[in-house]
Amino acid sequence: DVKVTQSSRYLVKRTGEKVFLECVQDMDHENMFWYRQDPGLGLRLIYFSYDVKMKEKGDIPEGYSVSREKKERFSLILESASTNQTSMYLCASRAQQLGGNTIYFGEGSWLTVV
Amino acid sequence: QQPVQSPQAVILREGEDAVINCSSSKALYSVHWYRQKHGEAPVFLMILLKGGEQKGHDKISASFNEKKQQSSLYLTASQLSYSGTYFCGTDRYSGGGADGLTFGKGTHLIIQP
């Protein structure tokens, strides 16, 4: 069974703290993604990676960075957390093939910045 | 460009049918449909490919009109378990998988007994 695991389900952080969200997939997928989900806005892509050490900006990368040191692991970093980054964060992975390949999501990480 | 979903919300009684629409302003390689329950991750339902191939759920059907850049999800004889938010996703660029999906804002479906 496919598995995308986000290590932290619920976090509360203070403004200005550095926050790490970790994600691991066991499907040997080349591509990994971080999305943010907010009510009324749907899912928005923050960053993605198509290979180890490679990263690309998504639609809302400001205030975030990522790290991919191993194929199975993709981390989202908030260098200095702010209250407007309170949200649900979803990690996902996808195989590299043309057409027919879906995205698999992790269970999500609920981050509250106070 | 984010695909546009309609309606934003729908309330049905158990056993009724529902149609959820998804339209895009750009050419589509594929359309992906997901359902999300409150507090949970989106779960894959169905993918429709350019050329007519369809993969996914056996109790839910969908159509993909490439010329109109539209897809519709059909839920027939709805069950209580169908409640949730439905999202359509489209390839951001090439359809090769690397650049992910862009999602609509979602359609909230409530099924009442």
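Here's a quick rundown of the structure. (Residues numbered from 1 in each chain as written. Chains lettered and ligands numbered in written order. Predicted model: local features only at pLDDT ≥ 70, side-chain atom pairs only at ≥ 80, totals over all residues. Heavy atoms only, no water.)

## Looking at the state of the cysteines
Residue and element names in this part refer to chain B.
Next up, step 1: Within the structure shown, the criterion is met by two disulfides over all chains.
Next up, step 2: The residue that forms a disulfide with Cys22 is Cys88, at a sulfur-sulfur distance of 2.0 Å. Between Cys22 and Cys88 the sulfur-sulfur dihedral comes to about 75 degrees; the bridge is accordingly right-handed. One end of the pair, Cys22, is in strand β3 (residues 18-23); the other, Cys88, is in strand β9 (residues 84-91), and 66 residues separate them in sequence. The pair Cys22 / Cys88 is uniform in exposure class, with both members buried. (Disulfide = S-S within 2.5 Å. Helix = DSSP H or I, 4+ residues; strand = E, 2+ residues; numbered from the N terminus. Buried < 20%, exposed > 50% of the residue type's maximum accessible area, 1.4 Å probe, protein only.)

## Regarding the sheet that holds strand β8 (residues 73-78) of chain A
Residues and elements named next belong to chain A.
Next up, step 1: Here we have four strands laid out as an open sheet, ordered β1-β3-β8-β7, and antiparallel in their pairing. Of all the strands in the sheet, just β1 (4-6) and β7 (65-70) have a single pairing partner and so form its edges. With direction set aside, neighbouring strand axes in the sheet form an average angle of 20 degrees.
Next up, step 2: Bridging between β1 and strand β3 (residues 19-25) involves three bridges; their strand directions are antiparallel. (Pairing = 2+ DSSP bridges. Axes fitted to C-alpha atoms, helices over the stretch in contact; angles between N-to-C directions.)

## Here we look at the packing of aromatic side chains
Next up, step 1: This structure, assessed with the given rule, holds nine aromatic pairs over all chains.
Next up, step 2: Seen in terms of ring centroids, Phe105 of chain A and Tyr34 of chain B are 5.5 Å apart; in terms of plane orientation they differ by 85 degrees. Their pairing is edge-to-face. Here Tyr34 of chain B lies in strand β4 (residues 30-36) and Phe105 of chain A lies in strand β10 (residues 104-105), a pairing that spans two chains.
Next up, step 3: A relative accessible area of 11% places Phe105 of chain A in the buried class.
Next up, step 4: Each member of the aromatic cluster is reached from another via a ring pair, and the members are Phe33, Tyr35, Phe48 and Phe105 of chain A together with Tyr34, Phe44 and Phe103 of chain B. (Phe/Tyr/Trp six-rings, centres within 6.5 Å; stacked < 30°, edge-to-face > 60°.)

## With respect to the pattern of salt bridges
Residues and elements named next belong to chain A.
Next up, step 1: For the structure on display, the rule yields seven salt bridges over all chains.
Next up, step 2: Measuring nitrogen to oxygen at the nearest pair gives 3.5 Å for the salt bridge that ties Lys18 to Glu79. In this pair, Lys18 sits in the loop between β2 (10-13) and β3 while Glu79 sits in the loop between β8 and β9 (87-94), placing the two residues 61 residues apart along the sequence.
Next up, step 3: For Glu79, a relative accessible area of 44% puts it in the partly exposed group. (Salt bridge = Lys/Arg side-chain N within 4 Å of Asp/Glu carboxyl O.)

## Thoughts on the side chain of Gln37 of chain A
Next up, step 1: The topology assignment puts Gln37 of chain A in strand β4 (residues 31-38).
Next up, step 2: A distance of 2.7 Å separates polar atoms of two side chains, one belonging to Gln37 of chain A and the other to Gln36 of chain B.
Next up, step 3: Not counting chain neighbours up to four residues away, the residues in contact with Gln37 of chain A comprise Gly42, Leu43, Ser87, Met88 and Leu90 of chain A together with Gln36 and Phe87 of chain B. (Polar contact = N/O pair within 3.5 Å; in protein donor to acceptor, adjacent residues only side chain to side chain. Contact = heavy atoms within 4.5 Å.)

## Description of the environment of Gln36 of chain B
Next up, step 1: Here Gln36 of chain B shows up in strand β4.
Next up, step 2: Along the chain, Gln36 of chain B and Gly100 of chain B lie 64 residues apart, while their C-alpha atoms are 18 Å from each other.
Next up, step 3: In contact with Gln36 of chain B, not counting residues within four places along its chain, are Gln37 and Met88 of chain A together with Ala41, Pro42, Gly84, Thr85 and Phe87 of chain B.

## Section: the side chain of Arg68 of chain A
Residues and elements named next belong to chain A.
Next up, step 1: Note that Arg68 resides in strand β7.
Next up, step 2: Buried charge without a partner: Arg68 forms no salt bridge, and the closest opposite charge is Asp51, 6.0 Å away.
Next up, step 3: Engagement of the side chain of Arg68 in a polar contact is seen with the backbone oxygen of His29, the distance being 3.2 Å.
Next up, step 4: Among all residues touching Arg68, those that are not within four sequence positions of it are Gln25, His29, Glu30, Asn31, Met32, Ser49, Tyr50, Asp51, Val52, Lys53, Arg73 and Phe74. (Lys, Arg positive; Asp, Glu negative; His and termini not counted.)

## Observations regarding the sheet that holds strand β1 (residues 4-6) of chain B
Residue and element names in this part refer to chain B.
Next up, step 1: One open sheet holds the four strands; their spatial order is β1-β3-β8-β7, and the pairing between them is antiparallel. The open sheet has two free edges, formed respectively by β1 and β7 (60-65), since each of these has just one partner strand. For this sheet, the mean angle separating the axes of adjacent strands, direction not counted, is 15 degrees.

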